[in-house]
Amino acid sequence: MISIVIFCVALVLASLLFAKNVRAIMANIKLGKDLDRSDRKGERLSLMARVALGQSKMVVRPVSGLLHIIVYVGFIIINIEVLEIVIDGITGKHRVFAFMGGFYHFLISAFEGLALLVLVSCLIFLIRRNVLRIKRFFGNEMTSWPKTDANLILITEVLLMSAFLLMNAADTQLQALGSEHYTQVGSFPISRHLVGLFGSAGETGLIMAERGLWWFHIIGIFAFLNYLPYSKHFHILLAFPNVFYSKLAPKGQLTNMAAVKKEVELMFDPNADPYAAPPEPVGEPERFGAKDVTDLTWKQLMDGYTCTECGRCTDVCPANITGKSLSPRKIMMDTRDRLDEVGKGIRTAKKKGVEKFDDGKSLLRDYISEEELLACTSCNACTDACPVNNDPLSVIVDLRRYLIMEESKAPAEWTGVFTNIENNGAPWQFAQADRLNWKNEA
Amino acid sequence: MSELKVPTMAEMMASGQQPDVLFWVGCAGSFDDRAKKITRAFVKILNKVGVNFAVLGTEESCTGDPAKRAGNEFLFQMQAMGNIQVLNAYEVKSIVTTCPHCFNTLKNEYPELGGNYEVKHHSQYLQELIDDGKLTVEGGEFKGKKITFHDPCYLGRANDVYEAPRTLVQKLDAELVEMKRCKSKGLCCGAGGAQMFKEAEKGNKEINVERTEEALEIKPDVIATGCPFCMTMMTDGVKLAEKEKDVQVFDLAELIASANDL
């Protein structure tokens, strides 16, 4: 009875805490600017089915792609077992689904197979990261926390899978002893080989071990659930909406800024009154481009929280490959980290009754340097490589827009290019009148 | 050398004619010495086939692509709206261009600003001429040669055009060899995003050197491109590697034109 109460309390607390943290992330994402991505729903659904559910962009790299699919499929299917554990926990029963007989045995056997595969895959992942030291897992942005985060996720999964298998092994032994509470469901293909680990433990010892592992497993899952919002592992949830709301336009197409369009149209309008008083500004003047996360769209912010830090973008970035400081992964992580900071700041300010949050910092410069921004060739290798369809390039361009249009901060060569385009319609200093000279040159 | 026939839109309009397609030459194609050869090669093909085309000539202006990628949206839209006024005044419906940057901008970014045209890259246009039987290509001097195609980012990844350029190379009876990073995985030449017009940021290698090394690894006779900026970058890369005697860099239009002795 006490265990039922403890279990229910843990379940409710874990769910509430998780909901609270997810709501905070949602609120942070909503700090972004509006963007309409409600069109072409059918296309979006099929994209989500292919890229998020089908992992089509993961298998571009076959080794990590395949291992990831194993962990991912395993993770989802084994969750059916968690459902039983939760019902057991609430009702105080043991293996409530056992009434399914042969089918139950088949299910648990399959889960065990998957658990072993997941366990092995996670071990290989740990080796790739820490022993083989694959290049894309390193880099300036992969400092203490991102590195620890990745290892923690893998170790947790190894522990959870181990607990599941060991728990079944102890259970098998208890069944053999005819222990009261333990339903006769037979032994399972993987755990049966682990029974020996419990040696000559008596019934009491075995029950303690089985219950201990059971609690470890389920509390571990509750804890892991609540770890997600603090981790890159949150991608297991956000990957789906993030892919659904992908940019569907050709990759080369950048947005045409509406605020600029209004002004340019006015300049081209022959009927516009040049002496007309500008309309009274309403609220804060609109900023051209992005200086901070709140100048980005909600989708760009969601990208940050969806980033899995896999580094496939950085690995194919021509700037990064040739030693420049730009790393598209860092752009995404910086966006997320700054958004976390701004979100917390806004909530704290609200509690204190302060109307506006300003910590004197911004995404530009405090997180992302001009040098990084200026190194981008806009080649779209990063957006092509991203398995969750993030768009680091759009963030780079928006930050560049702020640099150029609000601060007039361009490298001297670019200033020359702008002047040339304005004056003679070409980035170089050639007269527009000479534009057809090639016709008569041999 | 025979005179090129390059009518302008203004001349056409004055004589009451409407071309079937506008050839958008682009800034590089108009002013860059190496790129001008690509422009001339493409016009030679158009002349040979007898395509009813025109250029804007001195009425053409930068599409605004480098300004936009650099972050100068204002300048981009000024250029775009100016160009759209000219294009719409001439009732242009169809455009072909030898520059993937112009191609991308005209095709994807102009419609929202009032410029709706059917835009093709010259690789697509040449392939259509061949498919329609209007242009025949004999292998000529490139028969059996090893040719690799460097995908321009703004043609490939940006607009998913991978096959047309390769079909053209194969029409030359040449051996098409692929670099390790090709098609959607192709490595940028280093010129995009307005990098063409400035020094690279601090690093340990130039991007065009990295890309050229990759191309040279497969020992091609020719590196083919479809972009005047890739042309500059790859040509410089080959020179830097002192391989200009063994490896030539050509645009697709030049390959087709030379194969036809144009």
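Values in this document were obtained by computation on a predicted structure and should not be read as measured data.

## Some details on the side chain of Lys324 of chain A
Moving on, step 1. Within the fold, Lys324 of chain A resides in the loop between helix H11 (318-321) and helix H12 (328-351).
Moving on, step 2. Buried charged residue Lys324 of chain A carries no salt bridge. Nearest counter-charge: Glu206 of chain B, at 5.0 Å.
Moving on, step 3. Only 2.9 Å separates the side chain of Lys324 of chain A from the side chain of Thr322 of chain A, close enough to count as a polar contact.
Moving on, step 4. Polar contacts involving the side chain of Lys324 of chain A include one to the main-chain carbonyl oxygen of Lys205 of chain B, which spans 2.7 Å.
Moving on, step 5. Setting aside its immediate chain neighbours within four residues, Lys324 of chain A contacts Ala319 and Ala375 of chain A together with Ala200, Glu201, Lys202, Gly203, Lys205, Glu206 and Ile207 of chain B.

## Observations regarding the pairing of strand S7 (residues 222-225) of chain B
Taken residue by residue, a regular strand's side chains alternate between the two faces of the sheet.
Residues and elements named next belong to chain B.
Moving on, step 1. Residues of S7 alternate between two faces, with Val222 and Ala224 on one and Ile223 and Thr225 on the opposite face, all of them buried.
Moving on, step 2. For strand S5 (residues 146-149) and S7, the ladder comprises three bridges, and the chain directions are parallel. Considered in S7, the bridge of Ile147 is made with Val222.
Moving on, step 3. Pairing geometry for S7 and strand S8 (residues 248-251), over four bridges, is parallel. The residue bridging Thr225 from the neighbouring strand is Asp251, located in S8.
Moving on, step 4. Of the crossover connections in this fold, the one passing from S7 over helix H10 (residues 228-240) to the parallel S8 is right-handed.

## Remarks on the packing of aromatic side chains
Residue and element names in this part refer to chain A.
Moving on, step 1. One pass over the structure, following the stated rule, counts 17 aromatic pairs over all chains.
Moving on, step 2. Between the aromatic rings of Phe7 and Phe222, the centroid separation amounts to 6.0 Å while the plane-to-plane angle is 50°, which identifies the pairing as tilted. Taken together, the residues Phe7 in helix H1 (residues 2-29) and Phe222 in helix H6 (residues 203-227) connect sequence positions 215 residues apart. There is no split in this pair, since Phe7 and Phe222 are both buried.
Moving on, step 3. Site record: aromatic cluster; members linked through ring pairs are Phe7, Trp214, Trp215 and Phe222.
Moving on, step 4. Above the ring of Phe137, the side-chain terminus of Arg129 is found at 4.1 Å from the ring centroid.
Moving on, step 5. A cation sits over an aromatic face here: Arg211 above Trp214, 4.8 Å from the ring centre.

## Considering a positive patch on the surface
Residue and element names in this part refer to chain A.
Moving on, step 1. A cluster of like positive charges, contributed by Lys20, Arg23, Lys344, Arg347, Lys350 and Lys351, occupies part of the molecular surface.
Moving on, step 2. With four residues, the top contributor of residues to the positive patch is H12.
Moving on, step 3. With respect to the helices, strands and loops of the structure, Arg347 is situated in helix H12.

## A short note on the sheet that holds strand S6 (residues 175-177) of chain B
Paired through backbone hydrogen bonds, the strands of a sheet run either parallel or antiparallel to each other.
All names here are of chain B.
Moving on, step 1. The strand order S6-S5-S7-S8 describes an open sheet built from four strands, whose pairing is parallel. Each of the sheet's edge strands pairs with one partner strand only, and the pair in question is S6 and S8. In this sheet, adjacent strand axes meet at a mean angle of 35° when their direction is disregarded.
Moving on, step 2. Across the face of the sheet, helix H11 (residues 252-259) comes into contact with S5, S7 and S8 while running at roughly 95° to S8.

## So, a nonpolar patch on the surface
Residue and element names in this part refer to chain A.
Moving on, step 1. Among the surface-exposed residues, Met1, Val5, Val9 and Leu13 lie close enough to one another that they form a single nonpolar patch of about 420 Å² accessible area.
Moving on, step 2. Topologically, Val5 is positioned in helix H1.
Moving on, step 3. Since its relative accessible area comes to 45%, Val5 is described here as partly exposed.

## Thoughts on the domain arrangement of chain A
Residue and element names in this part refer to chain A.
Moving on, step 1. Split by domain assignment, chain A resolves into domain 1 (2-30 + 61-244) and domain 2 (258-266 + 286-430).
Moving on, step 2. The straight-line distance from the C-alpha centre of domain 1 to that of domain 2 is 38 Å.
Moving on, step 3. Domain 1 puts 22 residues into the contact, and the matching count from domain 2 is 27 residues.
Moving on, step 4. Summed over both partners, the interface of domain 1 with domain 2 buries about 2,200 Å², with 52% contributed by carbon and sulfur atoms.
Moving on, step 5. For the domain 1 face of the interface with domain 2, the top three residues by lost area are Asn28, Glu141 and Asn242, together amounting to 31%.
Moving on, step 6. There are two salt bridges connecting domain 1 and domain 2.

## Some points on the side chain of Asn168 of chain A
Residues and elements named next belong to chain A.
Moving on, step 1. Topologically, Asn168 is positioned in helix H5 (residues 144-176).
Moving on, step 2. Given a relative accessible area of 0%, Asn168 falls into the buried group.
Moving on, step 3. Apart from residues lying up to four places away in sequence, Asn168 is in contact with Arg95, Ile108, Glu112, Phe188 and Ser191.

Criteria and cut-off values
- Residues numbered from 1 in each chain as written.
- Chains lettered and ligands numbered in written order.
- Predicted model: local features only at pLDDT ≥ 70, side-chain atom pairs only at ≥ 80, totals over all residues.
- Heavy atoms only, no water.
- Helix = DSSP H or I, 4+ residues; strand = E, 2+ residues; numbered from the N terminus.
- Buried < 20%, exposed > 50% of the residue type's maximum accessible area, 1.4 Å probe, protein only.
- Lys, Arg positive; Asp, Glu negative; His and termini not counted.
- Salt bridge = Lys/Arg side-chain N within 4 Å of Asp/Glu carboxyl O.
- Polar contact = N/O pair within 3.5 Å; in protein donor to acceptor, adjacent residues only side chain to side chain.
- Contact = heavy atoms within 4.5 Å.
- Pairing = 2+ DSSP bridges.
- Right-handed = clockwise from strand over helix to strand, strands pointing away.
- Phe/Tyr/Trp six-rings, centres within 6.5 Å; stacked < 30°, edge-to-face > 60°.
- Lys NZ or Arg CZ within 6 Å of the ring centre and 35° of its normal.
- Patch = residues over 30% accessible without salt bridge, like charges linked within 9 Å, V, L, I, M, F, W, Y side chains within 5 Å.
- Areas by Shrake-Rupley, 256 points an atom, 1.4 Å probe, with all protein chains shown as cover.
- Charge placed at Lys NZ, Arg CZ, Asp CG, Glu CD.
- Axes fitted to C-alpha atoms, helices over the stretch in contact; angles between N-to-C directions.
- Domains from an automatic or database assignment.
- Buried area = accessible area lost by both parts, 1.4 Å probe.

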